[in-house]
Amino acid sequence: MILDSKIPSGPIEKAWEKTRFDLKLVNPANKRKHTIIVVGSGLAGASAAATLGELGYNVECFCFQDSPRRAHSIAAQGGINAAKNYQNDGDSVYRLFYDTVKGGDFRAREANVYRLAEISVAIIDQCVAQGVPFAREYGGALTNRSFGGAQVSRTFYARGQTGQQLLLGAYQALERQIHVGTVTMHPRTEMLDLVVIDGQARGIVIRHLVTGEISTHIADAVILGTGGYGNVYYLSTNAKGSNVTASWRAHKRGALFANPCYTQIHPTCIPVSGDYQSKLTLMSESLRNDGRIWVPKTKGDKRSPDQIPENERDYYLERRYPSFGNLVPRDVASRNAKAVCDEERGVGETGLGVYLDFSAAIARLGENTIRERYGNLFDMYQRITDENPYKVPMRIYPAIHYTMGGLWVDYNLQSTIPGLFVIGEANFSDHGANRLGASALMQGLSDGYFVIPYTVGNYLATNKFAKVDATHPGVGSAVASVQQMTERLLSIKGKRTVDSFHRELGKIMWDYCGMSRTAQGLETAIGQIRALREEYWQNVNVPGSGDDLNQSLEKAGRVADFFELGELMCIDARERNESCGGHFREEYQTPEGEAQRDDEHYSYVAAWGYRGLDSPSELLKEPLEFHYVHPSQRSYK
């Protein structure tokens, strides 16, 4: 297989405009003849379904929640980037493009990133028109704040609820199309397989999560907007239901999986409190605008923070990175937090924490100003920890958050299966080895509102579609595969719960493929994952049946996929003998402990093809070329 990224020729500033003109169109009367499936109803999925419905296509949208409002996009807190330069501080489309390529440690496609920066300006206008209540200055103009990896203020926000407000905007657009009949919503359904006929994606197999009914839905194109796979680590900031199943089942049908080892560790999360904690809670990166991060200078100093004088505190990010200070990118902030904790200078009972201190900002701006900016985040922190962050510093520690890897897509967001498009966090395309804060919401809405309506239309206009229904052998094969796996899981009747296996898998992943990796540790992890997976298929206990509501069965299928993905993540990390962004191999670092890339040998996208459970995955490489932002040692000093 040859990877054709379909990157347009010519000046990058004209690439998307030229592509849009060159793409074939579907006339309004013919749009009504096409059905498009959208899996997922977060920012990417909801915006895509709403826009395609508005255009006149017949859209079927699926989500495993009871409402699109409950998609995990609602948990995003800090903001959404856009190059509007409202602050007159030197921002531009090109600077956002530059910051994103550099922030991703030069492991993203330039053309995709430039398009993202270019579209960002229109996203804000779209959302304001929908009524999204962005924060405003006293005079009524939209305001901005800073985020990591940038020296300008380009992040639009709605207190600490930006994801929720943006999702409500997309949700209302989606509901309007449901009302007029162009979109049919299928809540409480989970995609369990992709229907591929004559090499084209033609539908999905789903299980209704309340009734247990397995059914198929046929269409002319399938769009996956199903989010990332951070829950492979068990403990993460993701919702408990977030999973990789839709993407992984598509991968097993022929869609390449790109850069699976690129996972983002968010530096600003509430630390782990016990062995049986089920998830972690994010504290928005926006807090680093006004909070100062520090630890005691002395090892083992267990005094309360108010008892540690200023001259005995180490504001280590401000010390090491004076140009960016506390606003260094997430991967840099996370590794530095781990480093000071490894030096036994961490805070809290476990020693796995650092302080995020707002006392200086409160003294400078007043408590009311801080409350206006971050009040809901402070309230959430206090409810969880029983500590008042207005009075004492927050305790934070890095945690698994976002995944930059995902299904490989070309410039048109189409996977290696014709007719299967992948948007938002489910694809790999825009962030390289590290995502800058406030860019996830930007990508999801860019893909859904402004990219996919053009590129799907081109696919529909340039292909012919044979009539397919539930009697087709390709459909029957996909259904049989789903039923076989369901029956197998229910028949094992072992002695261990699904969660116990998932928790053990997550610890292996965190220990050996987490904030730092080594070749030896990755080999150990691969062996342990294979052994644990073998035990899983012999000793897992899935109570109940497949004929009704059965959340244990839901989790069992998802964890089975996590086992296979986790092994591929470790293999991908083992093969990439360099450090870049969120992928930090301890063998490859500068004398100062920064990531050390190897551009000569690893300036490529690693796209993996599935060859069977007992056969090694096939590695294909998409070379990355940089004509505008030339790779250099990333420095935030």
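Residues numbered from 1 in each chain as written. Predicted model: local features only at pLDDT ≥ 70, side-chain atom pairs only at ≥ 80, totals over all residues. Heavy atoms only, no water.

A. Representation of the overall build of the protein chain in the model. Of the regular secondary structure elements, the protein chain holds 17 helices and 19 strands. Since a compact globule built from 637 residues should have a radius of gyration of about 26 Å, the 24 Å found for the protein chain is in line with a globular shape. C-alpha atoms of the protein chain, sized along the principal axes, occupy 75 × 60 × 50 Å. Out of the 637 residues in the protein chain, the part that is buried amounts to 60%. With the model as given, the accessible surface of the protein chain reaches about 24,200 Å², and the carbon-plus-sulfur share is 48%. Distance from the positive charge centre (70 side chains) to the negative charge centre (73 side chains) of the protein chain: 2 Å. (Helix = DSSP H or I, 4+ residues; strand = E, 2+ residues; numbered from the N terminus. Rg over C-alpha atoms; globule rule 2.2 N^0.38 Å. Buried < 20%, exposed > 50% of the residue type's maximum accessible area, 1.4 Å probe, protein only. Areas by Shrake-Rupley, 256 points an atom, 1.4 Å probe, with all protein chains shown as cover. Lys, Arg positive; Asp, Glu negative; His and termini not counted. Charge placed at Lys NZ, Arg CZ, Asp CG, Glu CD.)

B. Examining the pattern of salt bridges more closely. All chains considered together, the criterion is met by 50 salt bridges. A salt bridge links Asp 410 to Lys 6; the shortest N-O distance between them is 3.5 Å. Pair noted here: Asp 410 is in the loop between β16 (406-407) and β17 (420-422) and Lys 6 is in the segment before α1 (15-22), with a separation of 404 residues, a long-range link. Of the residues examined, Asp 410 reaches a relative accessible area of 2% and is grouped as buried. Taking relative accessible area as the criterion, Lys 6 reaches 39% and is therefore assigned partly exposed. (Salt bridge = Lys/Arg side-chain N within 4 Å of Asp/Glu carboxyl O.)

C. The arrangement of the sheet that holds strand β10 (residues 257-258) in detail. Reading across from one edge, β16-β10-β18-β19 is the order of the four strands in this open sheet, with antiparallel pairing throughout. Strands with a single pairing partner mark the edges of an open sheet, and in this sheet they are β16 and β19 (618-623). In this structure, strand β18 (residues 604-609) lies alongside β19, joined through six bridges in antiparallel fashion. Considered in β19, the bridge of Trp 608 is made with Leu 619. With respect to the sheet, helix α16 (residues 551-575) is in contact with β10 and β18, its orientation differing from that of β18 by roughly 145°. (Pairing = 2+ DSSP bridges. Contact = heavy atoms within 4.5 Å. Axes fitted to C-alpha atoms, helices over the stretch in contact; angles between N-to-C directions.)

D. View of the sheet that holds strand β6 (residues 189-197). Here three strands make up an open sheet; going across it, the order is β6-β7-β8 and the pairing antiparallel. The sheet terminates laterally at β6 and β8 (214-218), the two strands that pair on one side only. Strand after strand, the sheet turns through a mean of 30° between neighbouring axes, direction not considered. As judged from the five bridges shared by strand β7 (residues 200-208) and β8, these two strands associate in the antiparallel manner. Within the sheet, the bridge partner assigned to Ile 204 lies in β8 and is His 217.

E. Structural context of the layout of surface pockets. If you add up the space inside the second largest pocket, you get close to 790 Å³. Every residue lining the second largest pocket is counted, 30 residues in all, and those nearest its centre are Leu 235, Val 272, Lys 507, Trp 510 and Asp 511. Those elements giving two or more residues to the lining of the second largest pocket turn out to be β15 (394-403) and α14 (498-513). It is α14 that provides the largest number of residues to the lining of the second largest pocket, a total of six residues. Here the residues of the lining of the second largest pocket sort into 16 nonpolar, seven polar and seven charged. (1 Å grid on protein atoms, 1.4 Å probe; cavity = no way out; pocket = protein on both sides within 12 Å on 5 of 7 lines; lining within 4 Å. Points joined across faces, edges and corners; volume = space filled by probe spheres on them. Nonpolar A, V, L, I, M, F, W, Y, C, P; charged D, E, K, R; others polar.)

F. Inspection of the packing of helix α5 (residues 110-130) against helix α12 (residues 440-461) at higher detail. Look at α5 against α12: their axes get within 9 Å of each other, and the N-to-C directions meet at 80°. Between α5 and α12, the interaxial angle falls into the category roughly perpendicular. The segment α5 lies against α12, with Arg 115, Leu 116, Ile 119, Ser 120, Ala 122, Ile 123, Gln 126, Cys 127 and Gln 130 engaging Met 442, Gln 443, Leu 445, Ser 446, Tyr 449, Phe 450 and Val 451. (Parallel < 35°, antiparallel > 145°, perpendicular 65-115°, else oblique.)

G. Focus on the state of the cysteines. Scanning all chains against the criterion turns up zero disulfides. Free of any disulfide, Cys 269 has its nearest neighbouring cysteine sulfur in Cys 341, separated by 13 Å. Owing to a relative accessible area of 0%, Cys 269 belongs among the buried residues under this scheme. (Disulfide = S-S within 2.5 Å.)

H. Geometry of the packing of aromatic side chains. Inspection of every chain in the model, using the stated rule, returns 23 aromatic pairs. Here the aromatic rings of Trp 294 and Tyr 315 are separated by 6.3 Å at their centres, their planes lie at 50°, and the arrangement is tilted. Residue Trp 294 is found in strand β12 (residues 292-296), and its partner Tyr 315 is found in the loop between β13 (313-314) and α8 (316-320); the two are separated by 21 residues along the sequence. Exposure class is identical for Trp 294 and Tyr 315. Each is buried. (Phe/Tyr/Trp six-rings, centres within 6.5 Å; stacked < 30°, edge-to-face > 60°.)

I. The environment of Ser 153, seen in detail. Looking at the element boundaries, Ser 153 is found in the loop between α5 and β4 (155-156). Separated by 25 residues in sequence, Ser 153 and Ile 178 have C-alpha atoms that sit 37 Å apart. Once residues within four sequence positions are removed from consideration, Ser 153 is found in contact with Gln 87, Asp 89, Asn 144, Arg 145 and Ser 146.

J. How the structure looks around unusual backbone geometry. Phi angles above zero are rare outside glycine, and Asp 198 is one such case at about 55°. Along the chain, Asp 198 turns up in the loop between β6 and β7. When its relative accessible area of 69% is taken as the criterion, Asp 198 is described as exposed. In this model, Leu 413 sits at a positive phi of 70°, which is unusual for a non-glycine residue. Leu 413 sits in the buried class, given a relative accessible area of 0%.

K. Region of interest: empty space enclosed by the protein. Using the criterion set out here, one finds five cavities of 30 Å³ or more in the structure. Leu 192, Arg 249, Thr 486, Leu 553 and Gly 557 are the residues nearest the centre of the largest cavity, which is lined by 14 residues in total. Each residue belonging to the lining of the largest cavity can be placed in one class, and the counts come to six nonpolar, three polar and five charged.

L. Main features of the packing of helix α3 (residues 43-55) against helix α6 (residues 162-180). Axis separation between α3 and α6 bottoms out at 8 Å; the angle between their running directions is 35°. By crossing handedness, the relation of α3 to α6 is classed as left-handed. Packed against α3, whose contacting residues are Leu 43, Ala 46, Ser 47, Ala 49, Ala 50, Gly 53 and Glu 54, the element α6 presents Leu 166, Leu 167, Ala 170, Ala 173, Leu 174, Arg 176 and Gln 177 at the interface. Partitioned by chemical class, the residues of the contact of α3 with α6 number nine nonpolar, three polar and two charged. (Left-handed = near helix turned anticlockwise from the far one by under 90°.)

M. A look at the side chain of Ser 236. Along the chain, the position of Ser 236 falls in the loop between β9 (221-224) and α7 (245-252). The exposure class of Ser 236 is buried, given its relative accessible area of 0%. At a separation of 3.0 Å, a polar atom in the side chain of Ser 236 contacts the main-chain amide nitrogen of Asn 238. Once residues within four sequence positions are removed from consideration, Ser 236 is found in contact with Gly 230, Asn 231, Lys 279, Leu 280 and Ile 400. (Polar contact = N/O pair within 3.5 Å; in protein donor to acceptor, adjacent residues only side chain to side chain.)

N. Quick look at the nonpolar core. Of all hydrophobic cores here, the largest spans 171 residues; its most connected members are Ile 80, Leu 420 and Tyr 536. For this core, the element with the highest residue contribution is α16, accounting for twelve residues. Leu 420 has contacts with Leu 194, Ala 201, Val 222, Leu 224, Ala 250, Ala 255, Leu 413, Gln 414 and Ser 415, leaving out every residue within four places of it along the chain. Grouped together as the second largest cluster of nonpolar side chains are nine residues, Leu 192, Val 205, Val 475 and Val 479 included. (Core = buried A, V, L, I, M, F, W, Y, C linked by side-chain atoms within 4.5 Å.)

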